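# Coordinates in review
Here's the letter readout for the chains.
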Amino acid sequence: MNNTNSVLLKVGIVGTGYAASKRAEAIKSDPRTELLVVTGNSAVQLPEFCQRYAVQAVDSWSELVNLPELDLIFICTINQGCGAIAKAAILAGKHVVVEYPLALEVEIAQEVIELAAAKQKLLHIEHIEIIGGLHQALKQYLPQVGQVFYARYTTISSQHNVKQSWKYHRQQFGFPLSAALSRIHRLTDLFGTVEKVSCDNRYWNLSDLDYFTACFCQAQLTFDSGVKADITYGKGDVFWQSDRTMEIYGATGKIVFVGEKGMLIKGNNEQEIPVSPRRGLFAQDTTMVLDYLFKRQPLYIQAQASLYALKVANAAQKSDYIKQTVYLDQ
Ligand code: NAP
Ligand code: BLA
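About the cut-offs
- Every chain begins its residue count from 1, and numbering advances along the sequence as written.
- Following the order in which they are written, the chains are lettered starting with A and the ligands numbered starting with 1.
- Thresholds applied to this predicted model are a pLDDT of at least 70 for local features of residues and 80 or more for the giving and counting of side-chain atom pairs; totals over whole chains, interfaces and linings are not thresholded and use all residues.
- Hydrogens and water are ignored here; the side-chain numbers use all heavy atoms of the structure.
- A molecule or strand has a residue near it when one of that residue's heavy atoms lies within 4 Å.
- Nitrogen and oxygen atoms within 3.5 Å of one another constitute a polar contact, given that in protein one can donate a hydrogen and the other can accept it, and given that sequence-neighbouring residues count only through two side-chain atoms.
- Using the Shrake-Rupley algorithm and a 1.4 Å probe, accessible areas are obtained, with residue cover drawn only from the displayed protein chains.
- Strands here mean DSSP runs of E at least two residues long; helices mean DSSP runs of H or I at least four residues long; both are numbered from the N terminus.
- Residues are grouped as follows: Ala, Val, Leu, Ile, Met, Phe, Trp, Tyr, Cys and Pro are nonpolar; Asp, Glu, Lys and Arg are charged; every other residue, Gly included, is polar.
- Centres within 6.5 Å are what make two rings of Phe, Tyr or Trp a pair, Trp counting through its six-membered ring; a difference in plane orientation under 30 degrees is then read as stacked, over 60 as edge-to-face, and the rest as tilted.
- Exposure categories follow from relative accessible area, calculated using a 1.4 Å probe and restricted to protein chains: below 20% of the type maximum is buried, above 50% is exposed, and the middle band is partly exposed.
- All domain edges in this entry derive from an automatic or database-based domain assignment.
- Residue contacts are defined here by distance: any two heavy atoms, one from each residue, within 4.5 Å place the two residues in contact.
- The term buried area denotes the loss of accessible surface (1.4 Å probe radius) that occurs when two parts are joined, taken as the sum for both partners.
- Counted as salt bridges are all cases of a side-chain nitrogen of Lys or Arg within 4 Å of a carboxyl oxygen of Asp or Glu.

### As for the site of ligand 2
Residues in close proximity to ligand 2 total 13 residues, the closest being Tyr-18, Tyr-100, Ser-182, Arg-183 and Arg-186. In this structure, Ser-182 approaches ligand 2 through a side-chain N or O atom, which is 2.7 Å from an oxygen atom. At 2.7 Å from an oxygen atom of ligand 2 is found a side-chain nitrogen or oxygen belonging to Arg-183. Out of a free accessible area of 760 Å², ligand 2 has 61% covered by protein chains. Mapped by element, the contributors of at least two residues to the shell around ligand 2 are helix H6 (128-131) and helix H10 (182-191). At 3 residues, H10 tops the list of elements feeding residues into the shell around ligand 2. Of the residues in the shell around ligand 2, the class split is 7 nonpolar, 1 polar and 5 charged.

### Some remarks on the packing of aromatic side chains
To describe a pair of aromatic rings, one takes the distance between the centres and the angle between the planes. Inspection of every chain in the model, using the stated rule, returns 10 aromatic pairs. Between Phe-149 and Tyr-249, the ring centres sit 6.2 Å apart and the planes meet at 55°, which makes this aromatic pair tilted. Taken together, the residues Phe-149 in strand E7 (residues 148-158) and Tyr-249 in strand E11 (residues 243-250) connect sequence positions 100 residues apart. Ring centres of Tyr-203 and Phe-212 lie 4.6 Å apart, and the angle between their planes is 45°; on these two criteria the pair is classed as tilted. The pair formed by Tyr-203 and Phe-212 is uniform in burial state, with each residue classed as buried.

### Examining the domain arrangement of the chain
Interfaces are often sized by the amount of accessible area the parts lose when they come together. Parsing the chain into structural domains produces domain 1 (9-126) and domain 2 (130-276 + 311-327). Listed by partner, the interface residues are 9 residues for domain 1 and 13 residues for domain 2. Across the domain 1/domain 2 interface, buried area totals approximately 910 Å², and carbon plus sulfur atoms make up 59% of it. Seen at the junction of domain 1 and domain 2, the total is 0 salt bridges. The interface formed by domain 1 and domain 2 holds 5 residue pairs in polar contact (both at pLDDT 80 or more) in total. Considering only residue class, the side of domain 1 that touches domain 2 consists of 5 nonpolar, 3 polar and 1 charged.

### Section: the site of ligand 1
The environment of ligand 1 is made up of 19 residues, and the closest members are Thr-16, Asn-41, Ser-42, Asn-79 and Trp-166. Here Thr-77 contributes a backbone N or O atom positioned 3.2 Å from an oxygen atom of ligand 1. Partitioning the shell around ligand 1 into residue classes produces 7 nonpolar, 9 polar and 3 charged. Residue assignment places the shell around ligand 1 across two domains, with domain 1 (9-126) and domain 2 (130-276 + 311-327) each supplying three or more.

What follows is the structure in C-alpha cells.
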C-alpha cells in the first residue's frame, strides 16, 4: 500500500446480509476507501443492497474477485465456499478480509493462509468476539481468580418456526463449532493449545436436503495447561430459552458472565464486572484493517490463531464422528 491517504482503496463485497451491511457502512464512512462493487445470492437482496449503499452489482463472486480495479475484498457470505472465494481473490492479487470461519476445513484454510503469505497479501480473518467488551473485561479480570482449572461456555439460541436457510443447513453452515468458531477461539485465546477434545453433536429434523430445525453440540476440551472446558452450542426449535453464559473457575475466585452481565466472586464478595456494549465491532474491525494497510498498525489477530481454533473444531467434528476422544498433534 501507498503510505498516503490520498490514494483511495477500492473495495468489493461478497454478500449482502448482516455482516456485509456493517462492512458497507464502515467502508462508506471511511475517507480512505471507496465501495465499488458487490455480489450476492438472491435476486431480491442484491438490488436492495445496491440501492441502499449506492454500489454496482456483478453476477458472481468469481467475476468480482477478478475485477482489476479492486484492491480489497470483504467476504461476508455463507461459510461453505468462503475458502474458495478467498483463494481466488488472493490469486487475483487482492487483499482479503473474511468473516470467520475462513473455511470449514483446516486443509483449505491452511492453503489459503500460505498463499496469502507467498503473495504478500493481507488475509484478515475477522474475530470480533476478541475486540468485544465481554472478552476484554474477561481478560482484564482473569488474573484475579488465580490458577484457572475449569471454564464453561454455553450459547443457546432459542428459535421457533425455523425457516430453511444456510444457518440451518448441514453443509452450508458447517459443523457447529467450526461455523461458530468464536466459541473455541475465545478459549484458545485465553488458555492456549489443546491436548484433546471429546464432542457430541445432534441435529433435529435433518431433511433429505440437509436442512435441520435445531442442533445441540457439546465439547469437552483439555488444554495442555491442564485447564478443562465445556463448550455447549445450541440453536433452534428445541430450545425454549436462550442462554449465553461464560464461567471461569480459578483457585482463588470465579468469573461469571450471564449475557452481558459480569461478576467476580471471591470469598464472600461479589463484584460487578462492567462490560462495554456490543456495538460497532464490524466498524472497529474495518478501521483496524485500514490502519494496517495504510499505516502498518498491527492487527488484533493473526490468521494462525483462527487456523488453530479451526484445528480444534475439526478435531471436535472428528470426535463426534468416531465417538472417541481425539488428541491434537503437537
Ligand atoms: P446473513 O445475514 O444470513 O447473510 C448471508 C449472505 O449470504 C447473504 O448475502 C445471502 O444472500 C447469502 N447467501 C445465503 N444463502 C446462500 C447460498 N446458499 N449460497 C450463496 N449465498 C448465500 O449472514 P451473516 O450474519 O452476514 O454471516 C455472513 C458470514 O459472516 C458468515 O460466515 C458468518 O459466520 C460470519 N459472521 C457473522 C457475524 C454476525 O454478527 N452476523 C459475526 C461473525 C461472523 P441472500 O440473502 O440473497 O440469500
Ligand atoms: C456472531 N451472529 C454471529 C454469527 C452469525 C450470527 C451467523 C457467526 C456464527 C456464530 O458465532 O454463531 C447471526 N446474530 C446472528 C443473527 C442475529 C444475531 C441472525 O444476533 C439476530 C439477531 N450479530 C447480529 C446482531 C448482533 C450480532 C444483530 O447479527 C448484535 C446486536 C453480534 N454476532 C454478533 C457477535 C458475534 C456474532 C458479537 C461474534 C460471536 C461472539 O461474540 O462469540
